[in-house]
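Reading the structure
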Amino acid sequence: MTKSTHPWLADRTAAFDSSGIRRVFDLAATLKDPINLSIGQPDFDVPDPVKQACIAAINSGKNAYSQTQGIAPLRDKLQSQLDAQYGHADRKVFVTSGTSGGLVLSMFAMVNPGDEVIFFDPFFVMYPPLIKLVGGVPVPIDTYPDFKIDIQKVADAITPRTKMILLNSPGNPTGVIATEQEQRELAALAAERGIALVSDEIYSRFCYADRFISPAEFNDQTIVIDGFSKSHAMTGWRVGFVHGPTEVVETMTKLQQYSFVCAPQPAQWAALEAIDVDVDDYRQQYQGKRDRIIDALKDDYEIEVPGGAFYIFPKVPWGTGTTFVEAAIAAGLLIIPGGIFSGRDTHFRISYAASDQTIDRGIEVLKQLARSGPKA
């Protein structure tokens, strides 16, 4: 990474670049009628009851700061659900400014300079930069070709400096769900070695074949990050939550007081309503969209069928992920090169959070690209 020449900028800002996804979004703004299968956010609107709850909160004057840890009714409702689900003697919840805020706070709360953080490649783009931001050392574990967790690889990567293991299931960009056995083994390994296990569960409500499984079921010290952004299309509303051991949660809350302050109060009241809004219909719609793409592309692409989220991560049929995506963009199709999410540049990400018409247009371009090969 090239270090900035401006004398005011801190060295830590040179440890990572801006997200490559943002560059694709910027490019999308310059194209006329692009086929956009790049955006990692729901294509449905915020459910009406959630909108109305936010409007009511605004109109009733709930517009000031809330408590740093979140409004009491939302925390109490989440806590009751977690107590019923896990029955842990020490599991406390607080409300964050989005799941991204939860990730930032978890890094600042637990990772010292020089500490190593294990995560799985492919990975969500924020993980390495956030680890570096706090002076940590990113330790990616390769999961190609099937994106499964090899517990022996994890055990072999652990050193005296290992502080945290970061899991994302269902995963972005692959949509793959860690199996119950993988999660049991990972939870047991973290407990045995005294390592913090952080589970990013933002796509927990989009699991297709089986029930959602959290490593917190097998390790009562697991720190879980979740929220309403994906499940209820509230990406811009910035309401997430974190639950885990009391001392960790209280430390993260203290850090939030001096950074994000709190999640937006009107949106917290909306989230309280969102808890009771059924989103299973959206889950079924996305499962249908997934199947639509898999059925259309399976003869031309190597694809590991995703079990959740709304992403597919095919292997490119020729070239690199970067050159293939450049050809796709030239044909009006916006997808994301896999190298943004990985140490490898062999795949690309499709987001099927889009209309069926857009998906069908994208399928046609992808089939043409696979069969035509690279241009000389």
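Residues numbered from 1 in each chain as written. Predicted model: local features only at pLDDT ≥ 70, side-chain atom pairs only at ≥ 80, totals over all residues. Heavy atoms only, no water.

**Let's talk about the overall build of the protein chain**
When its secondary structure is counted, the protein chain shows 12 helices and 12 strands. Taking 376 residues into account, the globule formula puts the C-alpha radius of gyration at 21 Å, and the protein chain, at 21 Å, falls close to it. When the backbone C-alpha atoms are referred to their principal axes, the protein chain occupies close to 60 × 50 × 50 Å. Within the protein chain, the proportion of its 376 residues that are buried is 53%. (Helix = DSSP H or I, 4+ residues; strand = E, 2+ residues; numbered from the N terminus. Rg over C-alpha atoms; globule rule 2.2 N^0.38 Å. Buried < 20%, exposed > 50% of the residue type's maximum accessible area, 1.4 Å probe, protein only.)

**Here we look at the pairing of strand β3 (residues 116-121)**
With 6 of its 6 residues buried, β3 lies for the most part within the structure. Looking at chain direction, β3 and strand β4 (residues 137-142) are connected through 6 bridges and run parallel. Pairing of Phe119 across the sheet is with Pro140, part of β4. Following the backbone out of β3, through helix α5 (residues 127-133) and into the adjacent parallel β4, one traces a crossover that is right-handed. (Pairing = 2+ DSSP bridges. Right-handed = clockwise from strand over helix to strand, strands pointing away.)

**Regarding helix α12 (residues 356-372)**
Here α12 is 17 residues long and its end C-alpha atoms lie 24 Å apart, about the 24 Å a rise of 1.5 Å per residue gives. Burial in α12 covers these residues: Thr358, Ile359, Gly362, Ile363, Val365, Leu366, Leu369 and Ala370. For α12, the secondary structure elements touched by its buried residues are β1 (35-36), α10 (280-297), α11 (321-330), β10 (333-334) and β12 (348-351). Looking one or two residues past α12, Gly373 carries a phi angle of roughly 75 degrees, positive in sign. (Expected span 1.5 Å × (residues − 1). Contact = heavy atoms within 4.5 Å.)

**Notes on the sheet that holds β12**
The 3 strands lie next to each other as β9-β12-β11, forming an open sheet whose pairing is antiparallel. Of all strands in the sheet, those with a lone pairing partner are β9 (311-312) and β11 (336-337), marking the two edges.

**Looking at the packing of aromatic side chains**
Evaluation of the coordinates by the stated rule reveals 19 aromatic pairs. Aromatic side chains Tyr286 and Phe310 sit 5.3 Å apart centroid to centroid with 50 degrees between the ring planes, which places their arrangement in the tilted category. Within this pair, whereas Tyr286 is found in helix α10, its partner Phe310 is found in the loop between α10 and β9, the two being separated by 24 residues in sequence. In terms of burial, Tyr286 and Phe310 fall into one category: buried. Pairwise contacts between aromatic rings join Phe44, Tyr203, Phe206, Tyr282, Tyr286, Phe310, Tyr311 and Tyr352 into one cluster. One Lys or Arg, Arg91, reaches over the ring of Tyr86 and ends 5.4 Å from the middle of that ring. Of note, Arg205 hangs over the ring of Phe228, and the distance from its end group to the ring centre comes to 6.0 Å. (Phe/Tyr/Trp six-rings, centres within 6.5 Å; stacked < 30°, edge-to-face > 60°. Lys NZ or Arg CZ within 6 Å of the ring centre and 35° of its normal.)

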